[in-house]
Every structure is written in C-alpha cells, then in structure tokens.
Amino acid sequence: MPEEKIVLSLKNISKKYPGVQALDDVSIDFRQREIHCIIGENGAGKSTFIKMISGANEPDSGTIEFMGRVYNTMTPKLSKDLGIEVVYQEFNLAEDLSVAENVFLGNEIRKRGMADMKTVEKKTQEIFRKMKVNIDCKKAVKDLTVSYMQFVEIAKALSRDISVLILDEPTAPLTEDEVDKLLDMVLDLKKQGYTIIYISHRLNELFRIGDRVTVLRDGKKIITDDIKNMNTDKLIAYMVGREMSFEYPKRNHKIGEVVFEAKNIIADKVHDISFTVRAGEILGIGGLVGAGRTELIRAIFGADIMNGGHTYLNGQEIRIRHPKDAVEAGMGFVTEDRKRQGLLLEDSICTNISLPILKRISKMSVIDRKKEYQIAEEQKDILRIKTPSLDVSANSLSGGNQQKVVLAKWLAAKCKVIFMDEPTRGVDVGAKQEIYKLMNELSEQGIAIVLISSEMEELLGMSERLLVLHEGNMMKELSRDEFSQETVMQYASGIQ
C-alpha cells in the first residue's frame, strides 16, 4: 500500500522560554489518513509543539509546511483557516451558554440575521450521534461533568471544515467505557481521511489506534517510527532515557484506627452513602461517569451543598459548610480539574503552595515571606517540580508539574486525610510513579487517603479497599482479595 501524502510538516522548530529550551530543532511530518501519536514526559515539549501548529506561540526558528506551502509562523486565524483544530487538555468553553451554542461558538449559523438555534441544535445532535455520545444539547455547559465537557470540545472541533485534528490528552477525564467510544470515534475519523495528531500518556491507547509515534524528551525529538515496531518498554525507555519497569509500590505498613468517617451522606446525585477510612489506608472509590464519586467528595469537603449526613474526624463530629472549614479541620482535596479548581493559574508556584497554610506562616496578618518560600522550596524538591523559579506563574508549567503543585500545597498543609480525585490525570508514566510513591509514603506516615480514579488498574493497584458507586448509590465495598476488573465493572454497571 503506498504511503499517504504529507499534509503537515514542521521543520527544525526551536522555541526557548526563560530558563527552558522547550523545543530544540524538532522536525516531524504528518500524513493524511494517519493517527500520529506524540508522547513524552511532562515538560518534554509536547504542548509547546502543538502551540506552534495552532499559532498560539511563534517558533524562534524553523518552518511549518501545510499542503506544500511553507509558512515561517502560524497565527490562530491562519491555522483555523487551513483546517487545523486543537482540542486542548484545558477546556475553552463558555460555561453559561448551552452545549449547542458552544459547539458552534464563533461559527454561528444565522437566519435573517438572527442565530438559527433550531439548526444549531439539530447539527449539534448530528455531531454527537456521529461521536456516539448522548448529551442534551440545550443543557448549560456549567452543568456538565468534566467528561462531557471533553466531548463538547471535540464536537466543537468537528463542527468546522477541518483536515487536521489535534487531540491533547483527550481520554484523561473519561472512564474506560467512554475511552473505548472515543478511540472508536478517532479510528472512524481516520477512515474519513482526517489527519489525527494524538497526545496521550496512556501508552495502551497508542497501540490500539496509532500508526506512527514520535517521542520527545527535554525538547528534542528522540525517534519517529511505526507503532508496530514498538512495545511499552521501548517507548518508556525512549521517554525517560533509561530502562524503567512499571509497578505499583508495595505497602507493608500497618493500617491504624479510623481517621475519617462519613455517615448517610445525601447530596446532589448522592444517596445515603457511608464509609470510613483508616490511618495509613488508601480507600478507592470507583464507578462510571454519573456514579456520584466526585459529587460525594465535593459535598463532604464543603464545595457543594450536603443535604444530609454527618462527618467525623478522629471520632469527633465536624461541621463543614465551606472548604475553609475542611482545610482548618485537617482535610485536603486534590480536585479532578486542576485548571479551574486546583490552582490560581496566574499566581506564582510559591503562592499556590502556601494558600492552605497562610494562617500558619503569618503574624498579625502579615505573611512571613521567608518561611513561605522555604516551605515551597521544600515541596518543590520533594515532588521534583520542574521550574526555573518558584516565582513563575502556575500557568507556565506543564500539566504534570501543575498537578505536582496541587499536591504540594496539601503536603505543606500536613493534612490528616486527603481526598484525591483523578490525581494522575494528564501525567506521564514517570510522574505517575512518583505520585504513587508519594501516596505510599503519605500512607506510611499515617495519613488517610481517599482515591477516585477512572483508571481501573490504578484503583486496583493502589487501594486497600474499594467502594463501587452506581448512580449515586453505594453498590458494594470490596476488600483487596475480592478485587477484579470484572467484579468492579459488574457493580459499577448496577448489577448486584
């Protein structure tokens, strides 16, 4: 079979930020009817590379060639006009508008000078049918879960006349069932002639859908080759520059007394759920999208209204009406959406890390800047946060390093119990192992951890016990000797 024609080619692209060589003489070409995967550790240059294509950033040197025409740089408008669309890891949605309005935002359909909402909604539903996703197109985006927001972003890209679709960690917020749907959809788009550039830390996805793969490391292209010539060990070695075996850390420490207890919790999409978590224990919470996992923790933490139930810390009842109450009680919450809920993106790394401990490092309402910086520096070293300075904004970091900053602030707060909602979402394999090791060390120190994850292997690999939810109801509590993917999926699907 002859090779497909080259649609897009980047030649000798370099980009430097203060203190960081983000890209160093990188050249990659992309073919029609191809799924080309780009992988690398956080900070390898993947996001910067995508921003070169989309026109979000200009390269310091190099050229971009599209359909045989050479451009020294791209602009966002030119990139869109050429038919290139990017679905970024961070969402770009108008949350007060409806799903349909978002899908055609900037590409409105009008009739007699007015927005033709009937046609917009009809075409939106057609796109969702093509994607095999069921979403009410009249619903406000702010009322959607993170996973459905991801589908809206993809639908928005598909609403335009495009030839190149770039997907940056598209499955990060999805459950395994939704991942299957999305990957099937990507394969369908390839058959229709689209060029797909696919960025993911989930290596198994690459082998399911990829044609070729490019590995970036420290801003350099290490290799481009056919997926069929690769295996997981090879890819990891190219990514990290060394041989690396993946396994979940072993835990041999003793589980202590109950640290946190939730009794009869009732909230939006949560129906009378009770559980305990002990000192040194990692308690997993599993379920499909819509199961109420995140809603349960948000209600407990005071981020959403709790309509009924009681919470106890070290045997004492605590009343939490606001996240501030939870933090003061000794609780931490790594939220699933670090961009909107976990970080102050425009503020410095140092400021973000010190947020939960301002009282502790202040005297007469004046922050001890020396102590603040010292604590932030300690956490940066512990978590190996890649940054030229603690004074740079959180927004300047890669996704994985942003997640480490979120973790750092709760470590600095010395919490008794930490709720972790998708803590390794959008994180590379090396950083994942660092986070798992950290979770293990925290549990060894007696900290109670509640883990929510859409990755089945992560849940089963890290948890001592597992709660399975279905549509807001507790279906089953599983002990480690009862763990299996089949059992979890059975209860997550509502089957007793």
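Note: the structure precedes this text.
Residues numbered from 1 in each chain as written. Predicted model: local features only at pLDDT ≥ 70, side-chain atom pairs only at ≥ 80, totals over all residues. Heavy atoms only, no water.

A. Region of the structure containing the sheet that holds strand S14 (residues 270-278). Reading across the sheet, the four strands line up as S14-S13-S16-S17 and stay open at both edges, with antiparallel pairing between neighbours. Bordering the open sheet on either side are S14 and strand S17 (316-318), each of which pairs with just one other strand. For this sheet, the mean angle separating the axes of adjacent strands, direction not counted, is 15°. Where strand S13 (residues 258-267) lies against strand S16 (residues 306-313), six bridges are found, and the strand directions are antiparallel. Bridged to Ile266 within S16 is Gly308. (Pairing = 2+ DSSP bridges. Helix = DSSP H or I, 4+ residues; strand = E, 2+ residues; numbered from the N terminus. Axes fitted to C-alpha atoms, helices over the stretch in contact; angles between N-to-C directions.)

B. Here's a closer look at the sheet that holds strand S15 (residues 282-286). Taken in spatial order, the six strands make up an open sheet running S18-S21-S22-S15-S23-S24, and their pairing is mixed. Both outer strands of the open sheet, strand S18 (331-334) and strand S24 (473-479), are each paired with one neighbouring strand and no more. When strand polarity is set aside, the average angle formed by the axes of neighbouring strands in this sheet is 15°. Pairing between S15 and strand S23 (residues 465-470): four bridges, direction parallel. When the sheet's bridge partners are listed, Gly286 is paired in S23 with Val468.

C. Local environment of the environment of Leu93. When you line up the elements, Leu93 lands in the loop between strand S6 (84-87) and helix H3 (99-103). With 63 residues separating them along the chain, Leu93 and Lys156 place their C-alpha atoms 9.6 Å apart. Discounting residues that sit within four places of it in the chain, Leu93 has contacts with Asn102, Val141, Met149, Val152, Glu153 and Lys156. (Contact = heavy atoms within 4.5 Å.)

D. Here's a closer look at unusual backbone geometry. Of note, the phi angle at Ser365 is positive, near 65°, even though the residue is not glycine. Structurally, the position occupied by Ser365 is in the loop between strand S19 (362-363) and strand S20 (366-367). Using a relative accessible area of 76% as the deciding quantity, one classes Ser365 as exposed. Even without being glycine, Glu422 reaches a positive phi, approximately 55°. A relative accessible area of 4% places Glu422 in the buried class. (Buried < 20%, exposed > 50% of the residue type's maximum accessible area, 1.4 Å probe, protein only.)

E. Structural context of the pattern of salt bridges. The final tally for this structure, using the stated rule, is 27 salt bridges. Residues Lys15 and Asp60 are paired through a salt bridge, measuring 3.8 Å at the closest nitrogen-oxygen approach. Here Lys15, found in strand S1 (residues 6-17), pairs with Asp60, found in the loop between helix H1 (46-54) and strand S4 (61-66); they are 45 residues apart in sequence, far enough to count as distant. Here the salt bridges do not stand alone but share partners, grouping Arg202, Glu205, Lys432 and Glu455 into one network. (Salt bridge = Lys/Arg side-chain N within 4 Å of Asp/Glu carboxyl O.)

F. Spotlight on helix H14 (residues 399-412). Between its first and last C-alpha atoms H14 spans 20 Å; for 14 residues at 1.5 Å apiece the expected length is 20 Å, and the two agree. For H14, the tally of buried residues reaches 14 of 14 residues, placing the bulk of the element in the interior. Of the residues flanking the end of H14, it is Lys414, one or two places downstream, whose phi is positive at about 55°. (Expected span 1.5 Å × (residues − 1).)

G. Representation of the side chain of Arg31 within the structure. Examined against the element boundaries, Arg31 turns out to sit in strand S2 (residues 20-31). For Arg31, the residues in contact, after removing those within four places along its chain, are Glu3, Glu4, Lys5, Ile6, Val7, Thr195 and Arg212.

H. Structural detail: a positive patch on the surface. Together, Lys111, Arg112, Lys118, Lys122, Lys123 and Arg129 make up a positively charged patch on the protein surface. For the positive patch, the element with the most residues is helix H4 (residues 117-131), which contributes four residues. Examined against the element boundaries, Lys123 turns out to sit in helix H4. For Lys123, a relative accessible area of 35% corresponds to the partly exposed category. (Patch = residues over 30% accessible without salt bridge, like charges linked within 9 Å, V, L, I, M, F, W, Y side chains within 5 Å. Areas by Shrake-Rupley, 256 points an atom, 1.4 Å probe, with all protein chains shown as cover. Lys, Arg positive; Asp, Glu negative; His and termini not counted. Charge placed at Lys NZ, Arg CZ, Asp CG, Glu CD.)

I. Representation of the packing of aromatic side chains. One pass over the structure, following the stated rule, counts six aromatic pairs. Centroid distance Phe260 to Phe275: 6.1 Å. Interplanar angle 45°. Geometry classified as tilted. With a gap of 15 residues between them, Phe260 in strand S13 and Phe275 in strand S14 connect regions that are remote in the sequence. With respect to class, Phe260 is no different from Phe275; both count as buried. Seen in terms of ring centroids, Phe260 and Phe419 are 5.5 Å apart; in terms of plane orientation they differ by 85°. Their pairing is edge-to-face. Pair noted here: Phe260 is in strand S13 and Phe419 is in strand S21 (residues 417-421), with a separation of 159 residues, a long-range link. Owing to a relative accessible area of 0%, Phe260 belongs among the buried residues under this scheme. (Phe/Tyr/Trp six-rings, centres within 6.5 Å; stacked < 30°, edge-to-face > 60°.)

Everything listed is a geometric property; what it means functionally is a separate question.
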